[in-house]
Amino acid sequence: MIESPFSRRSLIRTGAGVAAGTFAASIMPSAIAAPVPAARQRPAKPLVIGHRGASALRPEHTLASYAKAIADGADFIEPDLVATKDGMLIARHENNIAETTDVADHAEFAARKTTKTIDGEQVTGWFTEDFTLAEIKTLRAKERLGPLRPESHGYDGRFQVVTFEEIADFAAAEAAARGRVIGVIPEIKHSTYFASIGLPLEQRFLDRVHASAYLQTAPLIVQSFEVSNLKWLRQRLDGLGKVQLMQLTVPGKMRPADLAAKGSGPSFDDLHTPAGLAEMATYADWISPYNLALIARDKDNRLAAKPSDLIANAHKAGLLVSTWTFRPENYFLPADLRSAGGDGSRNPEGSIAEIRRYLALGLDAFFTDDPAIGRKAVDERA
């Protein structure tokens, strides 16, 4: 299934009926939040973040994808983190691995296909929390958007699913070999859901950070669409001076999944207001909204002439600003930047033009599926 150009599938749920789990802190009041360092220095150049690695060119969240992203100039690589049955953190975009692995081809796991409610939405497939790490290691990764990404699709079946620990060691090895620092920007996925099934992710995450000499010294930004887990982490970052926290958002009236589970708290649109941004700055260092919250598209799918004031307001509140996600295929680009090819045609020029429209607003970082294009958009600006 090809996802809509206007969605990051399965990330934002309303959270109806999900237990609140470990992280019960409300977003209000700010007085409960631990102090945030006053100085959030804007980078000299906008940071290029390899979204799931170089996921336009290699199956996402594999060492091959991360290697390509680093080789192509990414400042940060992104692992999305979910848990296995035995509590290990692995890199998958979702805990449902039906579309990103060959699990459906394994007859021994056929009976584990099931339907679950994840953050208020029914999802059918195979789920990481039903597999041990040893079982996960028998699977191989595959390209989720095969028809749009034939190069990546050609690598189906070649690479393992990797743990967060393996990614940290790989980043350390690449940094040593290349003589440059490589940042890591993990996203903690479905925090409330995993807490509700007895597999809370945050302490596991901190344990892995403390076990890694590289992660304790390299730039590390922790992302979440939820709020309570970021507040929980903020109070536990002593000794991890380079760690920053990033609040992911989308435009809309839905609440973050943890707040929806409690039935109270601000919506994402509320978080985008000056008051919401000021509150966010008490626990997070970054906001990273979906790019349509910064520049909308009109009825003809063209970029709107007038951007929103979200970046300016976030900077005024003391937040750094990222956005997600720039993709090089025509299918994902606004109509006014598409090339003459079909939906699956790669269009680096159009992607560069799109990224630069956003950079002109004062972005501090951005996620891209093709870091080489992102690097060119940043480094070759007039």
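Before reading further, recall that the structure is shown in the block above.
These lines cover the structure that appears in this document, whether it is placed above or below. (Residues numbered from 1 in each chain as written. Predicted model: local features only at pLDDT ≥ 70, side-chain atom pairs only at ≥ 80, totals over all residues. Heavy atoms only, no water.)

## Some details on unusual backbone geometry
Rules: The secondary structure listing takes helices from DSSP runs of H or I that are at least 4 residues long and strands from runs of E that are at least 2 residues long, numbered from the N terminus.
Here Trp324 and Thr325 are connected by a cis peptide whose omega angle stands at -15 degrees. Tracing the backbone through its elements, the reader meets Thr325 in the loop between β12 (320-321) and α12 (348-359). Even without a glycine there, the phi angle at Arg52 is positive, about 60 degrees. The topology assignment puts Arg52 in the loop between β1 (47-50) and α1 (63-71). In this structure, His190 is a non-glycine residue whose phi angle is positive, near 50 degrees. Inspection of the secondary structure puts His190 in the loop between β8 (187-188) and α5 (191-196).

## Focus on α1
The test is simple: Only protein chains enter the accessibility calculation, which uses a 1.4 Å probe; a residue is then buried when its area is under 20% of its type maximum, exposed when over 50%, and partly exposed in between. A contact between two residues is defined here by any heavy atoms of the two lying within 4.5 Å.
Within α1 the residues assigned to the buried category are Ala64, Ser65, Tyr66, Ala69 and Ile70. Packed against the buried residues of α1 are β1, β2 (76-77), β4 (89-91), α4 (164-178) and α13 (371-379). Where α1 terminates, the next one or two residues include Gly73, which has phi positive at roughly 100 degrees.

## Here we look at the packing of α12 against α13
Defined as follows: In this analysis, axes come from line fits to C-alpha atoms, helices being fitted only over the stretch in contact, and the angle between any two N-to-C directions falls in the range 0 to 180 degrees. Convention used here: angles under 35 degrees read as roughly parallel, angles over 145 as roughly antiparallel, angles from 65 to 115 as roughly perpendicular, and any remaining angle as oblique. Crossing handedness is defined as follows: a turn of the near helix away from the far one that is anticlockwise and smaller than a right angle gives a left-handed crossing, while the clockwise case is right-handed. Residue classes follow a fixed rule: Ala, Val, Leu, Ile, Met, Phe, Trp, Tyr, Cys and Pro count as nonpolar, while Asp, Glu, Lys and Arg count as charged, and any other residue, Gly among them, counts as polar.
The geometry of α12 relative to α13 is characterised by a closest axis approach of 9 Å and an angle of 50 degrees between their N-to-C directions. The pairing of α12 with α13 is recorded here as oblique in orientation. When the axes of α12 and α13 are compared, the crossing they make is right-handed. Counting all contacts with α12, which are made through Pro348, Ser351, Ile352, Ile355, Arg356 and Leu359, the residues of α13 involved are Ile373, Gly374, Lys376, Ala377 and Val378. A class-by-class count of the residues in the contact of α12 with α13 yields 7 nonpolar, 2 polar and 2 charged.

## Topic: the side chain of Lys189
Applicable threshold: Side-chain atoms alone can form a polar contact between residues adjacent in sequence; in general such a contact is a pair of N or O atoms within 3.5 Å, and within protein one must be able to donate a hydrogen while the other accepts it.
Following the sequence through the fold, Lys189 ends up in the loop between β8 and α5. The exposure class assigned to Lys189 is buried, which follows from its relative accessible area of 2%. Within polar-contact distance, the side chain of Lys189 engages the backbone oxygen of His93 at 2.3 Å.

## Digging into helix α6 (residues 202-211)
Put simply, the rule reads: An arc is given here, and it is the one of the directions from the helix axis to the C-beta atoms.
Of the residues making up α6, those classed as buried are Glu202, Phe205, Leu206 and Val209. All buried residues of α6 project into a common sector of 95 degrees when viewed along the axis, lining one side.

## Topic: the packing of aromatic side chains
Here a ring pair, both rings aromatic, is described through the centre-centre distance and the interplanar angle of the planes. The condition that has to hold: Ring geometry is summarised as follows: Phe, Tyr and Trp rings, the Trp one being its six-membered ring, pair when their centres sit within 6.5 Å, and such pairs are stacked at plane angles under 30 degrees, edge-to-face over 60 and tilted between the two.
All chains considered together, the criterion is met by 9 aromatic pairs. Here Phe164 and Phe205 contribute two aromatic rings whose centre-to-centre distance is 5.5 Å and whose plane-to-plane angle is 20 degrees, an arrangement assigned as stacked. Residue Phe164 is found in helix α4, and its partner Phe205 is found in helix α6; the two are separated by 41 residues along the sequence. When sorted by exposure, Phe164 lands in the same class as Phe205, which is buried. Taking the centre distance of 5.7 Å and the plane angle of 85 degrees together, the rings of Phe225 and Trp324 count as edge-to-face. Residue Phe225 is located in the loop between β9 (220-224) and α7 (228-234), and its partner Trp324 is located in the loop between β12 and α12; the two are separated by 99 residues in the primary sequence. The exposure class assigned to Phe225 is buried, which follows from its relative accessible area of 6%.

## Notes on the environment of Ala304
Its location among the elements puts Ala304 in the loop between β11 (286-289) and α11 (310-316). In this structure Ala304 comes out as buried when scored by relative accessible area, which is 19%. Residues Ala304 and Leu294, 10 residues apart in the sequence, show an inter-C-alpha distance of 9.8 Å. Among residues more than four places away in sequence, those in contact with Ala304 are Ile295, Ala296, Arg297 and Arg357.

## Focus: the environment of Lys253
Its location among the elements puts Lys253 in the loop between β10 (243-249) and α8 (257-262). It is 8.7 Å that separates the C-alpha atoms of Lys253 and Pro266, two residues lying 13 residues apart in sequence. Those residues within four positions of Lys253 in sequence are excluded, and the remaining contacts are Ser267 and Asp269.

## Concerning the packing of α1 against α4
Between α1 and α4, the least distance of the axes is 11 Å, while the angle of their chain directions is 30 degrees. Viewed along their axes, α1 and α4 adopt a mutual orientation that is roughly parallel. Judged by the sense of rotation from one axis to the other, the crossing of α1 with α4 is right-handed. Contacts between α1 and α4 pair Leu63, Tyr66, Ala67, Ile70 and Ala71 from the former with Ile167, Phe170, Glu174 and Arg178 from the latter. A per-class count over the contact of α1 with α4 returns 7 nonpolar, no polar and 2 charged.

## Quick look at the pattern of salt bridges
To keep things clear, this is the line we draw: In the sections that follow, a salt bridge refers to a side-chain nitrogen of Lys or Arg positioned within 4 Å of a carboxyl oxygen of Asp or Glu.
Here the structure, examined in full by the defined rule, presents 25 salt bridges. Among the salt bridges present, the one from Asp285 reaches Arg234, with a minimum N-O distance of 2.6 Å. A residue pair is termed long-range when its members are at least 10 positions apart, and Asp285 in the loop between α10 (274-280) and β11 and Arg234 in helix α7 qualify at 51 residues. With relative accessibility at 3%, the residue Asp285 sits in the buried group. Where salt bridges share partners, they join Lys45, Asp75, Arg375 and Asp379 into one cluster.

## As for the environment of Pro46
On the secondary structure map, Pro46 appears in the segment before β1. Exposure remark for Pro46: the relative accessible area of 8% places this residue in the buried category. A C-alpha to C-alpha distance of 8.6 Å links Pro46 and Gly362, two positions 316 residues apart in sequence. Dropping the residues within four chain positions of it, Pro46 is found in contact with Asp75, Leu359, Leu363, Asp364, Ala365, Arg375, Val378 and Arg381.

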